[in-house]
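The lines below spell out each chain.
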2 protein chains.
Amino acid sequence: MLEHRTISLAEQVFDRLETDILSGKYAHGEVLTELKLVSDLGVSRTPIREALRRLEQEHIIEISQKGIIVIGVSKKDLKDILEIRIRIEGLAAAEAAKNITDEQLEELREAVELQEFYVPKHDADRINGMDSKFHQLIYRFSGSTALFDALMPLHKKVLKYRKASVENEIRSAYSSQEHRAIFEAIAAHDAPLAEQRMRDHIANAKAYIEEREGV
Amino acid sequence: MLEHRTISLAEQVFDRLETDILSGKYAHGEVLTELKLVSDLGVSRTPIREALRRLEQEHIIEISQKGIIVIGVSKKDLKDILEIRIRIEGLAAAEAAKNITDEQLEELREAVELQEFYVPKHDADRINGMDSKFHQLIYRFSGSTALFDALMPLHKKVLKYRKASVENEIRSAYSSQEHRAIFEAIAAHDAPLAEQRMRDHIANAKAYIEEREGV
DNA sequence: TGGTGTATAATTGTATACATAAAAACAAGG
DNA sequence: CCTTGTTTTTATGTATACAATTATACACCA
């Protein structure tokens, strides 16, 4: 396992396993063992176990005597997650509109504009990356740890399904425009407008994803 | 550390530390070390570290080279948490109204009635216990893992502040009545009514707590 | 053939030894 | 007296050895 800066092996293992599970690299029901992960990742059981405990807490794996069972995110989960995000992600945008600094605003602007840059190029991975970054920055700039902690795991769990959205040119273009509109409301420090636009944005994403996934 | 049934030491350590931190037993800013916990709890560093990782993920501790810094729940956190719960806990009640089974309904009824039993006796600990149980059962009976995962940590983090509410006779009696009303709506499988009553209940609790805490 | 008990193997659970990095103590020099 | 460089201590990070539990394979018997 390469790259060992200041970030601990336990953290790296967590990030990697979380991404692999949420991206669908491991299938639902697949059984892993700590020993298999030891040989795959090239680290000892200690950091692996610490990562597994956190993944278990997020309910994307289950640990039993048989091994580590991959759970992932079901379509029912997806439905529930988007329903929750419709109700609280607007709050994050509203709080960000109230609290954001000029410097943070520039960081947010960059995410919006890079996404706009990649959309006509159909670079799905980078679009997805900027899309994620936009939402996560808003969680952070809301200034609420509670909102951040509630929204971040929900957002990460949509990864696999968001990827598909981004590959659709029409939805991808609309989504980028919606981000721009939310950004403008936040930049104007108009909390109610930011809240409404974010709520609509999640509702649109939900409608698209659910139609696509057939739920 | 006594009692080692089927539940692992790591889990026991997590529960104990979480309760101690959220109840205010450890003060904000207090610094612990793994070694201190080893001697206090009588278990090795391994299960302690696994518990600490989970507590760190919940943002109620921070781990640094200086040791383990207790963070806990600030009044700002409390405000943010209740604002979130107002927006999504009604959804949990609505889903429970749709999905609850007769057997689960009886379990919920028991929590309501035991709370009603303890209120006139001013048994704060047991009232608090039944109050918590009522909400947590609804999270479970909502049938949504996402709602459960979002709401459970928020609910647990109010522990310290809820305790004070429960010691007030007037608020405690109202709260118990509100639980009864929510229960009746769920028992009637009236999702919109359950949602509205739960939202009002959280809003009332928020108003009381915030007035009391002076935020 | 089916079930049951037992032996075996495989897995997680826990403790501990060692590595590493940062903080703290301290001494020297300006 | 303050600053700075060095040493020492103290903390977490990681690997590994050992324990305990559970799943599995298999032989035996009804």
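Residues numbered from 1 in each chain as written. Chains lettered and ligands numbered in written order. Predicted model: local features only at pLDDT ≥ 70, side-chain atom pairs only at ≥ 80, totals over all residues. Heavy atoms only, no water.

Novice: Where do I start with the protein's contact with DNA strand D in this structure?
Specialist: Near DNA strand D lie 20 residues; those nearest to it are L9, S44, T46 and Q65 of chain A together with R49 of chain B. Taking all atoms of DNA strand D within 4 Å of the protein, the share assigned to sugar and phosphate is 61%. Here a phosphate oxygen of DNA strand D sits 3.2 Å away from a polar atom, N or O, in the main chain of E34 of chain B. Between DNA strand D and the protein, one listed contact pairs a phosphate oxygen with a side-chain N or O atom of R53 of chain B at 3.2 Å. For the surface near DNA strand D, the secondary-structure elements that each account for two or more residues are α1 (9–22) and α3 (45–57) of chain A together with α3 (45–57) and β3 (67–70) of chain B. (Near = heavy atom within 4 Å. Polar contact = N/O pair within 3.5 Å; in protein donor to acceptor, adjacent residues only side chain to side chain. Helix = DSSP H or I, 4+ residues; strand = E, 2+ residues; numbered from the N terminus.)

Novice: For this particular structure, what's the right way to read the relation of the copies chain B and chain A?
Specialist: For the pair of chain copies, the relating operation is a rotation around an axis with a shift along it. When chain B is fitted to chain A, the best match, at an RMSD of 0.0 Å, comes from turning it 180° and sliding it 0.0 Å along the axis. In short, the pair behaves as if placed about a two-fold rotation axis. Most of the interface of chain B is mirrored in chain A: 100% of its interface residues are interface residues there too. (Least-squares fit on C-alpha atoms with pLDDT ≥ 70 in both. Contact = heavy atoms within 4.5 Å.)

Novice: Would you explain the side chain of E210 of chain A in this entry?
Specialist: Residue and element names in this part refer to chain A. The topology assignment puts E210 in helix α10 (residues 191–213). According to the relative accessible area criterion, E210 is buried, its value standing at 11%. Setting aside residues up to four positions removed in sequence, E210 forms contacts with K79 and V215. (Buried < 20%, exposed > 50% of the residue type's maximum accessible area, 1.4 Å probe, protein only.)

Novice: What's the story with the pattern of salt bridges in this structure? I'm lost.
Specialist: Side-chain pairs of opposite charge can arise where the charged atoms are in close proximity. This model, assessed by the stated rule, comprises 58 salt bridges over all chains. Between E178 of chain A and R171 of chain A there is a salt bridge, and its shortest N-O distance comes to 3.2 Å. Salt bridges here are not isolated pairs; linked through shared partners, they connect K79, E83, R87, K206 and E210 of chain A together with E195 and R199 of chain B. (Salt bridge = Lys/Arg side-chain N within 4 Å of Asp/Glu carboxyl O.)

Novice: Just to check I follow, could you spell out the nonpolar core for this structure?
Specialist: Nonpolar side chains tend to gather and get buried jointly when the protein is soluble and globular. Ranked by internal contacts, the top residues of the largest apolar core, which has 130 residues, are L108, I138 and I186 of chain A together with L108, I138 and I186 of chain B. Apart from the residues within four sequence positions on either side, I138 of chain A is in contact with A92, A93, A96, L108, I182, I186 and M198 of chain A. (Core = buried A, V, L, I, M, F, W, Y, C linked by side-chain atoms within 4.5 Å.)

Novice: How should I be thinking about the interface of chain B and chain A in this particular structure?
Specialist: Interface size is often expressed as the accessible area that is lost when the parts come together. Every contact between the two is made by 28 residues of chain B and, on the other side, 28 residues of chain A. Considering only the side of chain B, the residues that lose the most area to chain A are E50, Q57 and R87 of chain B, jointly responsible for 25% of the buried surface there. Put simply, chain B and chain A have 8 salt bridges between them. Linking K157 of chain A and D149 of chain B is a salt bridge whose minimum nitrogen-to-oxygen distance equals 4.0 Å. (Buried area = accessible area lost by both parts, 1.4 Å probe.)

Novice: Sorry, what's going on with the protein's contact with DNA strand C here?
Specialist: Looking at DNA strand C, there are 21 residues lining it, with R45 and R49 of chain A together with L9, S44 and T46 of chain B nearest. For DNA strand C, the fraction of protein-proximal atoms (within 4 Å) that sit in sugar or phosphate groups is 63%. One nitrogen or oxygen atom from the main chain of E34 of chain A is found 3.2 Å from a phosphate oxygen belonging to DNA strand C. R45 of chain A has a polar side-chain atom sitting 2.8 Å from a base oxygen of DNA strand C. Those elements that provide at least two residues to the surface near DNA strand C are α3 and β3 (67–70) of chain A together with α1 (9–22) and α3 of chain B.

Novice: Help me out: how do you make sense of the sheet that holds β3 of chain B in this one?
Specialist: Within a sheet, adjacent strands bond to each other through the backbone by hydrogen bonds, running parallel or antiparallel. Residue and element names in this part refer to chain B. Read from one edge of the open sheet, 3 strands run β1-β3-β2, paired in antiparallel fashion. In this open sheet, the two strands that pair with only one neighbour each are β1 (31–32) and β2 (61–64). Where β1 meets β3, 2 bridges bridge the pair, whose relative direction is antiparallel. Looking at the pairing, L32 lines up with I68 of β3. In this fold α3 packs onto β2 and β3, with an angle of close to 120° to the strand it touches most, β2. (Pairing = 2+ DSSP bridges. Axes fitted to C-alpha atoms, helices over the stretch in contact; angles between N-to-C directions.)

Novice: How should I be thinking about unusual backbone geometry in this particular structure?
Specialist: Both trends apply: most residues other than glycine have a negative phi, and most peptide bonds are in trans. Residue and element names in this part refer to chain A. The backbone of H122 sits at a positive phi, close to 55°, despite the residue not being glycine. With respect to the helices, strands and loops of the structure, H122 is situated in the loop between α5 (102–118) and α6 (124–141). For H122, a relative accessible area of 49% puts it in the partly exposed group.

Novice: I keep staring at the domain arrangement of chain A and nothing clicks. Help me out?
Specialist: All names here are of chain A. Split by domain assignment, chain A resolves into domain 1 (9–70) and domain 2 (75–213). On a C-alpha basis, the centres of domain 1 and domain 2 stand 28 Å from each other. Opposite the 7 residues of domain 1 that make contact, domain 2 presents 4 residues. Of the roughly 500 Å² buried where domain 1 meets domain 2, counting both sides, 62% is carbon and sulfur surface. The largest contributions to the domain 1 side of the interface with domain 2 come from E18, L22 and E58, which together make up 70% of the buried area. The interface formed by domain 1 and domain 2 includes 1 salt bridge. For K156, the salt bridge identified is with E18, shortest N-O distance 3.1 Å. For the interface between domain 1 and domain 2, the tally reads 2 residue pairs in polar contact (both at pLDDT 80 or more). Of the residues in the side of domain 1 that touches domain 2, the class split is 2 nonpolar, 3 polar and 2 charged. (Domains from an automatic or database assignment. Nonpolar A, V, L, I, M, F, W, Y, C, P; charged D, E, K, R; others polar.)

Novice: Explanation requested: the side chain of E89 of chain A in the structure shown.
Specialist: Residues and elements named next belong to chain A. For E89, the location among the structural elements is in helix α4 (residues 75–99). For E89, a relative accessible area of 0% corresponds to the buried category. Of the polar contacts made by the side chain of E89, one reaches the side chain of R85; its length is 2.7 Å. Every residue in contact with E89, bar those within four places of it in the chain, is listed here: H135, Y139, L151, M198 and I202.

Novice: Teacher, can you tell me more about the sheet that holds β3 of chain A here?
Specialist: Reading across the sheet, the 3 strands line up as β1-β3-β2 (chain A) and stay open at both edges, with antiparallel pairing between neighbours. The open sheet has two edge strands with one neighbour each: β1 (31–32) and β2 (61–64) of chain A.

Novice: Please explain the packing of aromatic side chains as it appears in this structure.
Specialist: Geometry of an aromatic ring pair is reported as the spacing of the ring centres plus the angle between the planes. Scanning the entire structure with this criterion turns up 2 aromatic pairs over all chains. Just above the ring of F117 of chain A sits the side chain of K121 of chain A; from NZ or CZ to the centre is 4.2 Å. Taking NZ or CZ as reference, R54 of chain B lies 3.6 Å from the ring centre of F14 of chain B, over its face. (Phe/Tyr/Trp six-rings, centres within 6.5 Å; stacked < 30°, edge-to-face > 60°. Lys NZ or Arg CZ within 6 Å of the ring centre and 35° of its normal.)

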